[in-house]
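Now for the letters of each chain:
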2 protein chains.
Amino acid sequence: MSPKGLDYSQLYAKDLPPAAGPWEGLYPYNFVTGHGSPELIPVEGFIESVTNALKKNGRDLAVYYSDGGPLGNLALREFLVKKLKKHRGIDVTVDEVMICSGSTQCILLINDTLLEPGDTVITEQFTYSGALNNARRKKANVVGVPLDDDGMRVDLLESTLADLKAKGVKPKYIYTIPTCQNPTATNLPMDRRREMLRVSMEYGVPIFEDECYADLIFEGEWEASIRSLDTTNHVLHIGSFSKSLAPGVRLGYIVAPQDVMNQMVVSKVDVGTNMVTPMMVADFLENNYEEHIETVRDMLHRKRDVLIAAMKERFGPKVDFYEPRGGMLMWFKFPEGVDTSVPLDAAKKEGLIYNPGADWAVDPAKGSNYIRICYGLPTEDQIREGVEVLAKVFNQELGDF
Amino acid sequence: MSPKGLDYSQLYAKDLPPAAGPWEGLYPYNFVTGHGSPELIPVEGFIESVTNALKKNGRDLAVYYSDGGPLGNLALREFLVKKLKKHRGIDVTVDEVMICSGSTQCILLINDTLLEPGDTVITEQFTYSGALNNARRKKANVVGVPLDDDGMRVDLLESTLADLKAKGVKPKYIYTIPTCQNPTATNLPMDRRREMLRVSMEYGVPIFEDECYADLIFEGEWEASIRSLDTTNHVLHIGSFSKSLAPGVRLGYIVAPQDVMNQMVVSKVDVGTNMVTPMMVADFLENNYEEHIETVRDMLHRKRDVLIAAMKERFGPKVDFYEPRGGMLMWFKFPEGVDTSVPLDAAKKEGLIYNPGADWAVDPAKGSNYIRICYGLPTEDQIREGVEVLAKVFNQELGDF
């Protein structure tokens, strides 16, 4: 035996993702991950709400599942029923809403319930890397549909479904982020939402609608969710409090028909989501949702303007982008042939981190000349300085691109 | 299309567990699940601690992972390093401790990292149903080793390993709950712990030590953990705050060598455990651990005595049991041939729920004449009354057993 003892690597399951490296901490110019802004965390409001909630229901912590059963805290589900109705046009009961530990757990539960190795799922061609990785870890084939400035090209979705049908393949779902899409920040107009639902019904393939950014529209129309148009259970809908409130609360939710919920809940093997944050968040949002979300939207609006101005100033015509009406991230296109992963190491040495586009693309090659920039965490000054660093390392590492 | 719309059942993955039924709420005589006692939830202490913690670090909630990185809240990991050293003899750094959403997530992560379909794992013959179900959902073969009043029979563990080796089978781990075993409530003496470690080293099969009840010894010796004896990384150790503090905080932890941790953390796809409860729990336990745990132990000690007296009174020689020195549950043996699942429906109608033993047994037939009774939640009066109801439905449904 080696002095180190047992070699676990010989015991590992096959096909694991590569092991993590050491935790790098937060870079000063942090352009990755959907972080929020520390100054907008309502610390005093949270203290007041968690105090109220613990005084009222703190003894419930003694019990697994407590009042809400496996679907989670009842007060938060009651808040969600009202919020979904008022803001997303969704009309459901508390029995059709499940609280999860962030929307990533929602994605896991849906995939655990629906996916077999070899299954096919459809997504936007550029999409959330977490959804992509989780479907792939389930050994599903992911088929990407191109987007334009109005989100997924639903005409191409339909031809993709027709092609797959001709090959005898029926996908398990159409995964879409219709509002403030990740990473393109586009919004699917209402006519495309209706059209997507029609296509879903025609092919008998449900829509998996991820609206984790849907609270963050700060300009123009606020489109209703696809789920709001659906009267025949063709849409599984998920959302999150990470972007509107705080990622650290780790709270998301699934809206699904009750029979699907009863099947999904048996995959939620964590014996419930913690009780403290749902109690706190329900109490806080019941009284403060509208006001708080306006503050968040205003801040993101200002930061978006600063980011766009800085990118224009530093990159000029070398960069192309869609100007988003909401959300907390942008997707920048560099000329064909540029590999945006090349400058990343140099950027990190300068204290800057960004997402090379390949990780957000079904076909990595098609994303390799893009970058994703998240602008929720950095201050306006950090955005300006960060873009300056970005331009410096791009010029330095890519030459005259 | 049916008026109900899409039929999701045709889309489900194969081999899913049966869908859940409606949530039944809490039965008045609740003898299932490791619930705690509502009157022992330190509501005022929690309010004080969460207030302190949010004032100090509330703005960290804006950021995924925050100070501790993917391994979780640093303050709680620092507390655990001290607690594990002082109470369990375990000498590790914060980099070898990961915070999870309850010890069930710890089990998931270890299984995700180690198990392939067709793998073999060894457990105690009677063991935690959650661990059993999770390994089986990963399509692992579970081999049970008999227990006596001193926990797992390590001589039989060794012969089991020898038999498997002769067949060319190398198990992935030996899962054991050495302290306040679930469901037998037995404790593995120190000499058996040493012997189990020797066997583990001889066969190159790691020990997966689950100490989720280890804070709850209220009588006699408090054996050190197996991990404390190990200098060659043969033990993966997990623990929980669910039993010592509150299940509703949903906090557990893994202690593992750093290379294994780096591999396990990539399976923790929830993007971190929520930040509020770890902050609160770290602040609370830093100042109150010893005092709080004494109160919990005293209560469990009293409830154990009430349960034993009631069972003796109502069942007399028809029931056999091990008298536990700690924990919050007991395992009662009825005569061979009794099927303890038979009276369950009648019991529920009388407001009583208990665990028929088959669900806690690797070979369900060997557990069918046992029941598990959890005594953390019911009051002393509810224990007495519940056992009266239990005797009534057993006599009624099983006749003269």
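The structure presented is a predicted model; accordingly, all values stated were derived computationally and were not measured.

Notes on the nonpolar core
The biggest cluster of nonpolar side chains holds 238 residues, and the ones touching the most others in it are Ile254 of chain A together with Ile254 of chain B. Not counting chain neighbours up to four residues away, the residues in contact with Ile254 of chain A comprise Met98, Cys100, Cys106, Leu109, Leu236, Ile238 and Met264 of chain A.

Re the interface of chain B and chain A
The interface is formed by 76 residues belonging to chain B together with 76 residues belonging to chain A. The dominant element in the side of chain B that touches chain A, judged by the number of residues it contributes, is helix α1 (residues 43-57) of chain B, at seven residues.

Considerations on helix α6 (residues 190-203) of chain A
Residues and elements named next belong to chain A. Over its 14 residues, α6 extends 20 Å from the first C-alpha to the last, a length consistent with the 20 Å expected when each residue adds 1.5 Å. Looking only at α6, the buried set comprises Arg192, Arg193, Met196, Leu197, Val199 and Ser200. Here the buried residues of α6 occupy an arc of 160° about the axis, which is enough to place them on one side. Exposed and oriented more than 90 degrees from the buried face of α6 are Asp191 and Glu202. In this structure, the buried residues of α6 make contact with β6 (151-152), α5 (154-166), β7 (174-176) and β8 (207-210). A positive backbone phi angle near 65° is found at Gly204, which sits one or two residues after α6.

Here we look at the sheet that holds strand β10 (residues 252-255) of chain A
Residues and elements named next belong to chain A. On the basis of which strands lie adjacent, the open sheet formed by seven strands has the order β2-β10-β9-β8-β7-β3-β4 and mixed pairing. The sheet is open, and its two edges are formed by β2 (97-100) and β4 (141-145), each paired on a single side. Looking at each pair of strands side by side, their axes are set apart by 20° on average, direction ignored. Pairing geometry for β2 and β10, over four bridges, is antiparallel. Paired with Val97 across the bridge in β10 is Val255. Sheet strands in contact with helix α3 (residues 102-114) are β2, β8, β9 (235-240) and β10, and its direction is about 35° off that of β10. Across the sheet, α5 touches β3 (120-124), β4 and β7, and the angle it forms with β4 is around 145°.

Focus on the domain arrangement of chain A
Residue and element names in this part refer to chain A. Domain boundaries assigned for chain A yield domain 1 (24-42 + 291-398) and domain 2 (43-288). The C-alpha-based centres of domain 1 and domain 2 are spaced at 25 Å. When residues of the side of domain 1 that touches domain 2 are traced back to their parent elements, those giving at least two are α8 (276-315), β12 (329-333) and α10 (364-367). Per-element tally for the side of domain 1 that touches domain 2: the top contributor is α8, with seven residues. Classifying every residue of the side of domain 1 that touches domain 2 by side-chain character gives 14 nonpolar, eight polar and seven charged.

Quick notes on the sheet that holds strand β14 (residues 355-356) of chain A
Residue and element names in this part refer to chain A. One open sheet holds the four strands; their spatial order is β11-β12-β15-β14, and the pairing between them is antiparallel. Each edge of the open sheet is held by one strand with a lone partner, namely β11 (320-321) and β14. In terms of strand pairing, β11 meets β12 through two bridges, oriented antiparallel. Across the sheet, residue Phe321 finds its bridge partner in β12, namely Phe332.

A word on the environment of Ala358 of chain A
Residue and element names in this part refer to chain A. Along the chain, Ala358 falls in the loop between β14 and α10. Judged by local crowding, Ala358 falls into the partly exposed class, with 19 C-beta atoms found within 10 Å. Not counting the four nearest positions on each side in its chain, Ala358 is found in contact with Ser341, Pro364, Gly367 and Ser368.

Overview of unusual backbone geometry
Cis geometry is adopted by the peptide bond preceding Pro183 of chain A, which originates at Asn182 of chain A and carries an omega value of 15°. Inspection of the secondary structure puts Pro183 of chain A in the loop between β7 and α6. Of note in this structure, Asn233 of chain B is not a glycine but carries a positive phi near 60°. As for its position among the elements, Asn233 of chain B is in the loop between β8 (207-210) and β9 (235-240).

The rules behind the values
Residues numbered from 1 in each chain as written. Chains lettered and ligands numbered in written order. Predicted model: local features only at pLDDT ≥ 70, side-chain atom pairs only at ≥ 80, totals over all residues. Core = buried A, V, L, I, M, F, W, Y, C linked by C-beta atoms within 7 Å. Buried ≥ 20, exposed ≤ 12 C-beta atoms within 10 Å, placed from the backbone. Contact = placed C-beta atoms within 7 Å. Helix = DSSP H or I, 4+ residues; strand = E, 2+ residues; numbered from the N terminus. Expected span 1.5 Å × (residues − 1). Arc of directions from axis to C-beta. Pairing = 2+ DSSP bridges. Axes fitted to C-alpha atoms, helices over the stretch in contact; angles between N-to-C directions. Domains from an automatic or database assignment. Nonpolar A, V, L, I, M, F, W, Y, C, P; charged D, E, K, R; others polar.

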